[in-house]
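Here is what each chain is made of, one letter per residue.
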Amino acid sequence: MKKWYAVLGDPINQSMSPAMHDHWFQENDVDATYIPIHVTEENLGETVASLKRLGCSGWNVTVPHKSAIIPFLDELDPSAKVMNAVNTVEVLADGSLRGSNTDGEGFVRSLEEAFGDRCQNDQVLVVGAGGAARGIAYALHEAGYGPITFTNRTIDKAVRLAEGISQASVVSIDEAEQNLAAYGLIVQTTSVGMNFAQQGKPIDPKNVSTGAVVADIIYNPLETEFLIEASENGAYILNGTGMFVHQGALAFKKWTTIQPDTEKMIGKITVNLGGKLC
Ligand code: ATR
């Protein structure tokens, strides 16, 4: 019987996950499909119950439900526990639901695909202190990167985040801007710079050191104002396409045991966004 998978979010129309997973199902001869479902917070529990009842084989969870979904699941893997957020749900053989989080590992894979171990001994600056920052910082720390410094508009949130990671510290945005040359890897995790939402940049990259790696998790536009200026100042840049594709590939592998072709997918999305949406 044909299997089906889904992504739950609000809004969900803009999601590229259905096209990506459907492409991988076809490419790998998996008889399955993947649908976007618009779910409001009030309907989240009811939707999870319906997905179970209707035989959904697994789903992704996106903004704003990554933490809210947790009470409706039976178990969490260590990544989801630490991040207190879930982006992938597997329906196990006994019907129970296991949540995990592939966002952070997706980022690390994308970074290493582009730059190998170039940043392994660098000081790391994470800009932002939300769920995305938490996931990425945790995965970087687990992969041996750091020490990690957080900076955020609301500094208290950065302080709380740093408490959970050994050797992590916090600086104000002003301090980070002045001392930017100290960091070999800078990761922008806020929504600032996203198309149609928030123009501008969360931190000024003019003091970045030549040859530093500057990453932004945003992929629409492919190059945010922050990335463009960092590049003009001599940094190597990485947009969020690779992270998006790798987090999806990690979920796909959990569901099907198949490792899909990520390189081709990154190319397809880059062409698509470059030609149509930016
Ligand atoms: P996510 O789960 O995607 O990380 P989030 O938890 O809402 O989303 O976190 C959003 C991050 O973007 C936060 O670091 C937030 O800063 P605050 O903690 O000060 O709110 C940051 N952010 C959002 N809009 C911003 C803006 N206009 N300027 C600077 N930072 C912004």
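Residues numbered from 1 in each chain as written. Predicted model: local features only at pLDDT ≥ 70, side-chain atom pairs only at ≥ 80, totals over all residues. Heavy atoms only, no water.

S.K.: What am I meant to see in the sheet that holds strand E4 (residues 75-76) here?
M.R.: Backbone hydrogen bonds hold the strands of a sheet together, and the pairing may be parallel or antiparallel. Read across the sheet, six strands follow the order E2-E1-E3-E5-E6-E4 without closing on themselves; strand pairing throughout is mixed. In this open sheet, the two strands that pair with only one neighbour each are strand E2 (32-38) and E4. Here strand E1 (residues 3-9) runs beside E2; their pairing, made up of seven bridges, is parallel. Across the sheet, residue tyrosine 5 finds its bridge partner in E2, namely tyrosine 34. Docked against the sheet, helix H1 (residues 17-27) engages E1, E2 and strand E3 (58-61), running at close to 170 degrees with respect to E2. Contacts from helix H9 (residues 241-256) reach E1, E2, E3, strand E5 (88-91) and strand E6 (97-100), with the element oriented near 5 degrees to E5. (Pairing = 2+ DSSP bridges. Helix = DSSP H or I, 4+ residues; strand = E, 2+ residues; numbered from the N terminus. Contact = heavy atoms within 4.5 Å. Axes fitted to C-alpha atoms, helices over the stretch in contact; angles between N-to-C directions.)

S.K.: Explanation requested: the packing of H1 against H9 in the structure shown.
M.R.: Pairs of packed helices are described in terms of their axes, by the angle between the two and the distance that separates them. Packing of H1 against H9 brings their axes to within 11 Å, and their N-to-C directions diverge by 50 degrees. In this view, H1 runs oblique relative to H9, as classed from their interaxial angle. Of the two elements, H1 crosses H9, and the hand of that crossing is right-handed. Each of Ser17, Met20, His21, Trp24 and Phe25 in H1 lies in contact with H9, whose residues at this interface are Phe244, Val245, Gln247, Gly248, Ala249, Phe252, Trp255 and Thr256. For the contact of H1 with H9, the per-class residue count stands at eight nonpolar, five polar and no charged. (Parallel < 35°, antiparallel > 145°, perpendicular 65-115°, else oblique. Left-handed = near helix turned anticlockwise from the far one by under 90°. Nonpolar A, V, L, I, M, F, W, Y, C, P; charged D, E, K, R; others polar.)

S.K.: What should I look at first to understand the sheet that holds strand E10 (residues 185-188) in this one?
M.R.: If you walk across this open sheet you meet the six strands as E9-E8-E7-E10-E11-E12, and the pairing is parallel. This sheet does not close on itself; its edge strands, each paired only once, are strand E9 (169-170) and strand E12 (236-238). Sheet topology note: the E10/strand E11 (residues 213-216) ladder contains four bridges and is parallel. Its bridge partner lying in E11, leucine 185 is registered against valine 213.

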